[in-house]
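Coordinate analysis (summary)
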Amino acid sequence: MVAVASQRAVEALSIFRAAVPTTFFENLRKASGLRAEGGVYTTETTTWLIIQQRLDGKATLSTAVQQVGQGRPQQLLPNHKRLEEETLSSNTGGYSRARSRLKKEVAEQVSDKIFNYLMADAQEALPGLGRQAFLLDGSSLDLPATPKLLEAYPPPTNQHGTAHWPIVRMVVAHDVVSGIGMRPHWGPMYGDKAVSEQQLAADAIGQLPPGSVVVGDRNFGVFSTAYDADQRSYPVVVRLTDSRARSLLKGKLPPQLDRKIDWKPSRWDRKSHPDLPADACVQGRLIACQVTTPKGQTIPLFLFTTLDMPLQKIVQLYGYRWNIETDLRSLKQTVHMHSLTARSVEMVAKELVLGVSAYNLVRGTMYAAARVAGIDARQLSFSRVQDVVNAALPNLMAADSEEEYQRLLDRLLRRAGQCRLPRRPQRPTYPRAVWQRAATYPKRKT
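As a starting point, this report considers the structure included with it. (Residues numbered from 1 in each chain as written. Predicted model: local features only at pLDDT ≥ 70, side-chain atom pairs only at ≥ 80, totals over all residues. Heavy atoms only, no water.)

Here the focus is the overall build of the protein. The secondary structure content of the protein amounts to 18 helices and 10 strands. Computed over the C-alpha atoms, the radius of gyration of the protein is 24 Å, within 12% of the 22 Å expected from 2.2 N^0.38 for a compact globule of 446 residues. By the burial criterion, 48% of the 446 residues in the protein qualify as buried. Across the protein, contacts joining residues at least 24 apart in sequence account for 69% of those joining residues at least 6 apart. (Helix = DSSP H or I, 4+ residues; strand = E, 2+ residues; numbered from the N terminus. Rg over C-alpha atoms; globule rule 2.2 N^0.38 Å. Buried < 20%, exposed > 50% of the residue type's maximum accessible area, 1.4 Å probe, protein only. Contact = heavy atoms within 4.5 Å.)

Now the structure itself:
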């Protein structure tokens, strides 16, 4: 079974080379009318190094430069005098300038190609559905307080004054089965040009694979999101707040309901979206049911969907929504996307899109390892599989023959398939306590 799964590129560097081969970068250079690159840090090498930084524990420029100094990855490095004579500087200046030269459009195309390559074999969200489904959710991250970033992404303010760090609002769509994430959409969270998650979601929906189901929580259970998806022929399953469901029913909320409705924009919806046509309407179903949480609590659930499926299947599909919480945690913490170190607006954009690509490379390996092990990819630990990938990459990049590479790849898949999440029983709660710190540092004076 390993041989069958290994027919496609299933290891991080192999996925990168298969999704965006060298010819892709050569065609971009010729289309731009640029001459052949003569330095060590070519566009292809620089793109991979930015991605690999996110997979490394330190995520610094220095770690990437040291890899090149050791001749890795050999498959991407050009024939250069500095590399042959082993006189390449260990300073990060050359790599830093190459990162700055990299075009944002190139980073976006690389991210899209990796996403499309991995999604080509993605399974349907539910048996018999015949469609993929994507979970929408938003998050935020902070940036260095440089003048340009403070202007582009203003920090929050309150009655105590203005905060220090610029804040970015981001929306990502993740596949419910594999967890593979689409290229993110982002904008300022505060200031005069602040964007809402619903605005970013409208842009994200348009780039989903055709016919995919859009799944969202109550934050996306608004008319504008349902209308945007419906106009682009994307089915939706979104959760409604109690007040919004009551408004649509124009009465009390029953514990059980499955009724066809015509969702029309409210006065508030038209005020927020004045470009809505006069006859704007989304035809679908309003579902009300009772669900039991893992803690044994019974809560009411109100859903709006444009899918023609049994109620139980709709509720099951929405139940996958919790997966995006762990997906975002892996994206922000394990791939170090919670706080970027880029100091320019252009570099922030490249770090964001290629950071999601790094996350997808690990997800692609997890998906292949799960198929080899005969389990669900969601049963594997993202951080542990990332450790396996990081440990195996040097040997894979230094393999002398195809047979040696295949042997190392098979071992990687076996080891990744063993990184299963533990099945812990429901743990009892414990009282919260605050531990006093032993010492404090004085606040920095302005």
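On we go from here.
Another aspect to go through is the environment of Gly 216. With respect to the element layout, Gly 216 can be found in strand β6 (residues 213-216). The exposure class assigned to Gly 216 is buried, which follows from its relative accessible area of 0%. C-alpha of Gly 216 to C-alpha of Ala 145: the two residues are 71 residues apart in sequence and 32 Å apart in space.

Scanning all chains against the criterion turns up 9 aromatic pairs. Look at Phe 16 and Trp 48: their rings are 5.4 Å apart centre to centre, the planes differ by 50°, and that puts the pair in the tilted class. Of the two residues, Phe 16 sits in helix α2 (residues 12-19) while Trp 48 sits in helix α4 (residues 43-55), which places them 32 residues apart along the sequence. Among the residues examined, Phe 16 registers a relative accessible area of 0% and is labelled buried. (Phe/Tyr/Trp six-rings, centres within 6.5 Å; stacked < 30°, edge-to-face > 60°.)

Take the packing of α4 against helix α17 (residues 382-397) next. α17 packs onto α4 with a crossing angle of 135° between their chain directions and a minimal axis gap of 10 Å. Classified by the angle their axes make, α4 and α17 are oblique. Only Gln 386, Asn 390, Leu 393 and Met 397 of α17 make contact with α4, whose side of the interface consists of Trp 48, Gln 52, Arg 54 and Leu 55. (Axes fitted to C-alpha atoms, helices over the stretch in contact; angles between N-to-C directions. Parallel < 35°, antiparallel > 145°, perpendicular 65-115°, else oblique.)

Following the criterion strictly, the structure yields 11 salt bridges and no others. The closest approach of N and O atoms between Asp 258 and Arg 285, which form a salt bridge, is 2.8 Å. Remark: Arg 285 occurs in strand β9 (residues 282-292) and Asp 258 occurs in strand β8 (residues 257-263); sequence separation between them is 27 residues. For Asp 258, a relative accessible area of 40% translates into the label partly exposed. As a salt-bridge pair, Arg 407 and Glu 404 come within 2.8 Å of each other at their nearest N and O atoms. In this pair, Arg 407 and Glu 404 are both assigned in helix α18 (residues 402-417), 3 residues apart and thus about one turn of the helix distant. For Arg 407, a relative accessible area of 43% corresponds to the partly exposed category. Residue Glu 404 is classed as partly exposed on the basis of its relative accessible area of 29%. Overlapping salt bridges, with partners in common, bring together Asp 137, Asp 217, Arg 321 and Glu 325 in one network. (Salt bridge = Lys/Arg side-chain N within 4 Å of Asp/Glu carboxyl O.)

Moving on, we get to the sheet that holds strand β7 (residues 236-239). Spatially, the 8 strands line up as an open sheet ordered β5-β4-β1-β6-β7-β10-β9-β8, and their pairing is mixed. Each edge of the sheet is formed by a strand with only one pairing partner; in this case those strands are β5 (185-188) and β8. With direction set aside, neighbouring strand axes in the sheet form an average angle of 25°. Strand direction decides the pairing type here: strand β1 (residues 133-142) and β6, joined by 3 bridges, are parallel. (Pairing = 2+ DSSP bridges.)

Here helix α14 (residues 311-319) has its buried residues at Ile 314, Val 315, Leu 317 and Tyr 318. Down the axis of α14, the buried side of the element spans an arc of 160°, and every buried residue falls inside it. In this fold, the buried residues of α14 make contact with β1, β6, β7, β9 and β10 (298-305). (Arc of directions from axis to C-beta.)

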